[in-house]
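# Results of the structural survey
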Protein chains: 2
Amino acid sequence: MSSPPCVSMQVQTLINGEFSDCIGVADRGLAYGHGVFETFLVLNGTPVFYTEHLQRLLTGCKRLGIPVDQLPQRLEHDLMQLDYPAGRAVLKLIVTCGSGGRGYLTPNPASPVRILMLSPLPEYPGQPEQGIRARWCQTRLACQPLLSGIKHLNRLEQVLARNEWQDPAIREGLVCDSRGFVVEGTMSNLCFIAGGRFCTPALDQSGVEGIVRNQLLQLAALQGLEVEAGRYTPDDVHSADELFVCNSLIGIWPIVQLGDRSYEWGTYTRRLQSALNQRMVQC
Amino acid sequence: MSSPPCVSMQVQTLINGEFSDCIGVADRGLAYGHGVFETFLVLNGTPVFYTEHLQRLLTGCKRLGIPVDQLPQRLEHDLMQLDYPAGRAVLKLIVTCGSGGRGYLTPNPASPVRILMLSPLPEYPGQPEQGIRARWCQTRLACQPLLSGIKHLNRLEQVLARNEWQDPAIREGLVCDSRGFVVEGTMSNLCFIAGGRFCTPALDQSGVEGIVRNQLLQLAALQGLEVEAGRYTPDDVHSADELFVCNSLIGIWPIVQLGDRSYEWGTYTRRLQSALNQRMVQC
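Residues numbered from 1 in each chain as written. Chains lettered and ligands numbered in written order. Predicted model: local features only at pLDDT ≥ 70, side-chain atom pairs only at ≥ 80, totals over all residues. Heavy atoms only, no water.

Chain A goes by Aminodeoxychorismate lyase in an unreviewed UniProt entry, where it is assigned to Marinobacterium maritimum. What the UniProt record of chain A gives under Cofactor (unreviewed entry) is the line "pyridoxal 5'-phosphate". Heading Subunit (unreviewed entry) of the UniProt record for chain A holds this comment: "Homodimer." (UniProt positions renumbered as here; feature names shortened; annotations may be inferred.)

Written as structure tokens, this is what we have:
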């Protein structure tokens, strides 16, 4: 049984429950992106919204024909091997279909590979939780309902979108689908408040169904807002009263500048940030 | 300097010019599919259509922001490390963007990773070069012009399409795009002869621009056929006189049964097979 590296906060990597940092070149996760991933905020050794992230992981595995028997139990055991720092950290989890099969045909039985990477939380300078600058991306997401919603490894559209800009002052880019409907940010979901309604793009054709987005749909309803997942154009977003992006690591980042338009870090957003923070520490 | 494993034909794997069979878990090829690949037929130690495959690889790298300086020279050197069997073999080449960068943002500078895998040619029982049975897939390819034509690592659509059937008697499946136009096979390009015209789907929205498909566009023209890359429906394909799929490993496999329709292993196809075989041994 392998032992963890020294306790100061480096990256700890487990592969199928053993400390190791390299995978076989025949892995289908490399060859085809045949796998899924999850990125957790970890607070004092506890992955936040673990149940919800696990659920999305299992949904993704099933959609891609990756067997899930024993997976939750094995992941629980993997988690116990890691040496968690006090405070905040990031846990990235990848589950691939493993190697084998004839070309694209999935092996049967398949031997999925579990990869866990625990690392320090990245620096987010400048209080982005009080407002960021964002931009519109040219890259459009293709409409592929078979792959929408899940967090699979085929992320070239996000790579292309993110590489449209280098300016570190721009903290996120928004992407539309090939029909011109707004979908999400390159690494986040988008939500906005318009006329007291909480709105977020429907994700049936593209995009990732975020854990925090789902939490906010509930929290907004609990706060008495009308809640809507729909089809929105950039103009719908432009005429919003408040807008923000969200994911499990950043929580909520209000957008106070989008292209040459300015927005308030508004009351509805602040209330949702407060409610979300409460939920997160309860995990 | 590492040495090759024993000479009997197993898989030989080189990573950045050294014998090794595992890559770092932080590689962007795994994380996002940020890379490209090529699959070569190797005849007596020579990769067939090497120049054309290399060209497509470089085009794909540039499209994905993977630096290519020194890449052709390094690949030439890698090729010299391998121990080639007599006769036929398969060489798979993957180039990833390596690791690093902040999330989806590509590192600058990037350190691409070259992976070469030399293995025995798979068994193709039953003389498929004389005719195969194929089927229509339900899975539709999304229209994404930014990624069309190149052989990137985001291949989940092919995984989904191929896993629609298990019957080994069915040797290939044909896929349409989300508009309903025919694109290609799950692991091949599709060509057909209709009224003496050589037709193959245009690949500006989806699909991979095959090396052999490109050879055949030239060879068909040299044989005096009208040549057309266009938009075809399944009905256009159904009313063809002859049809076949092609790639670098299989060459040409005529389709003699598609769903419940039968087709001839026809004269135009046989002439193209003959011309292609001649070109391949000249490499």
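Attention shifts here to the pattern of salt bridges. Residue and element names in this part refer to chain A. All chains considered together, the criterion is met by eleven salt bridges over all chains. With its nearest N and O atoms 4.0 Å apart, the salt bridge here joins Arg133 to Asp167. Of this pair, Arg133 sits in strand β8 (residues 132-141) while Asp167 sits in the loop between α4 (156-162) and β9 (170-177), and the two are 34 residues apart along the sequence. Accessibility expressed as a relative area gives 33% for Arg133, which makes it partly exposed. By relative accessible area, which is 34% here, Asp167 ends up partly exposed. (Salt bridge = Lys/Arg side-chain N within 4 Å of Asp/Glu carboxyl O. Helix = DSSP H or I, 4+ residues; strand = E, 2+ residues; numbered from the N terminus. Buried < 20%, exposed > 50% of the residue type's maximum accessible area, 1.4 Å probe, protein only.)

Let us look at the interface of chain B and chain A. Counting from both sides, the interface comprises 52 residues of chain B and, opposite them, 52 residues of chain A. Here chain B is connected to chain A by zero salt bridges. One can count 19 residue pairs in polar contact (both at pLDDT 80 or more) joining chain B with chain A. Mapped onto the side of chain B that touches chain A, the elements with two or more residues apiece are β1 (12-15), β3 (22-24), α1 (28-31), β6 (88-96), β7 (113-120), β8 (132-141) and α4 (156-162) of chain B. Per element, the largest residue contribution to the side of chain B that touches chain A is six residues, and it comes from α4 of chain B. Sheet topology note: the strand β3 (residues 22-24) of chain A/β3 of chain B ladder contains three bridges and is antiparallel. In the sheet register, Cys22 of chain A faces β3 of chain B, and the bridge partner there is Gly24 of chain B. (Contact = heavy atoms within 4.5 Å. Polar contact = N/O pair within 3.5 Å; in protein donor to acceptor, adjacent residues only side chain to side chain. Pairing = 2+ DSSP bridges.)

Here we take up the environment of Ala89 of chain A. All names here are of chain A. Among the structural elements, Ala89 can be located in strand β6 (residues 88-96). The spacing of Ala89 and Leu41 is 48 residues in sequence and 6.1 Å in space, taken between C-alpha atoms. Those residues in contact with Ala89 that lie beyond four places of it in its chain are Phe40, Leu41, Val42, Leu118, Ser119 and Leu121.

Moving on to the sheet that holds β1 of chain B. Two orientations exist for strands paired in a sheet by backbone hydrogen bonds: parallel and antiparallel. Residues and elements named next belong to chain B. A sheet is described by the order of its strands in space; here six strands give the open sequence β2-β1-β7-β6-β4-β5, paired in antiparallel fashion. Of all the strands in the sheet, the pair left with one neighbour each is β2 (18-19) and β5 (46-47). Bridging between β1 and β2 involves two bridges; their strand directions are antiparallel. Within β2, the position partnered with Ile15 by the bridge is Glu18. Relative to β7, helix α3 (residues 71-81) is tilted by about 35°, and along the sheet it contacts β1, β2, β5, β6 and β7. (Axes fitted to C-alpha atoms, helices over the stretch in contact; angles between N-to-C directions.)

On to the environment of Gly180 of chain A. Residue and element names in this part refer to chain A. Relative to the helices and strands, Gly180 is located in the loop between β9 and β10 (182-185). As a C-alpha pair, Gly180 and Leu160 span 20 residues in sequence and 17 Å in three-dimensional space. When near neighbours in sequence (up to four residues on either side) are disregarded, Gly180 contacts Arg140, Tyr232, Thr233 and Pro234.

Overlaying chain B on chain A yields an RMSD of 0.0 Å, the required transformation being a rotation through 180° with an accompanying axial translation of 0.0 Å. When the rotation and shift are considered jointly, the pair of chain copies conforms to a two-fold rotation axis. Residue by residue, 100% of the interface of chain B is reproduced at the interface of chain A, so both copies engage with the same surface. (Least-squares fit on C-alpha atoms with pLDDT ≥ 70 in both.)

So, on to unusual backbone geometry. With an omega of 5°, the peptide bond between Asn108 of chain A and Pro109 of chain A qualifies as cis. For Pro109 of chain A, the location among the structural elements is in the loop between β6 and β7 (113-120). Positive phi is not limited to glycine here, since Gln127 of chain A has a value of about 50°. Note that Gln127 of chain A resides in the loop between β7 and β8. In the Ramachandran plot, Phe49 of chain B falls in the positive-phi region, its phi being about 55° despite a non-glycine side chain. With respect to the helices and strands, the residue Phe49 of chain B is situated in the loop between β5 and α2 (50-63). When its relative accessible area of 5% is taken as the criterion, Phe49 of chain B is described as buried.

What follows concerns the packing of helix α5 (residues 211-222) of chain A against helix α7 (residues 267-281) of chain A. Helix-helix packing is characterised by the crossing angle of the two axes and by the distance between the axes. Residues and elements named next belong to chain A. In contact at an axis separation of 10 Å, α5 and α7 are set at 115° when each is read in the N-to-C sense. For the pair α5 and α7, the crossing hand works out as right-handed. Contact with α5, carried on its side by Val212, Gln215, Leu216, Gln218, Leu219, Ala220 and Leu222, involves Leu272, Ala275, Leu276 and Arg279 of α7 and no other residues of that element. Its residues placed into classes, the contact of α5 with α7 shows eight nonpolar, two polar and one charged. (Left-handed = near helix turned anticlockwise from the far one by under 90°. Nonpolar A, V, L, I, M, F, W, Y, C, P; charged D, E, K, R; others polar.)

Further remarks concern helix α5 (residues 211-222) of chain B. Residue pairs spaced three or four apart in an α-helix point in one direction, given the helix's 3.6 residues per turn. All names here are of chain B. For α5, which comprises twelve residues, the first-to-last C-alpha distance of 17 Å matches the rise-based estimate of 16 Å (1.5 Å per residue) to within 8%. Listed in full, the buried residues belonging to α5 are Ile211, Val212, Arg213, Gln215, Leu216, Leu217, Leu219 and Ala220. Residue Gly224 follows α5 closely and has a positive phi angle near 90°. (Expected span 1.5 Å × (residues − 1).)

Below, the discussion takes up the sheet that holds strand β4 (residues 35-43) of chain A. All names here are of chain A. Strand order across the open sheet formed by six strands is β2-β1-β7-β6-β4-β5, with antiparallel pairing between neighbours. A strand with exactly one partner marks an edge of an open sheet, and here the two such strands are β2 (18-19) and β5 (46-47). The sheet contact formed by β4 and β6 spans nine bridges and is antiparallel. In the strand pairing of β6, Val42 is matched with Ala89. Where helix α2 (residues 50-63) meets the sheet, it contacts β4, β5 and β6, and its direction lies at approximately 175° from that of β4.

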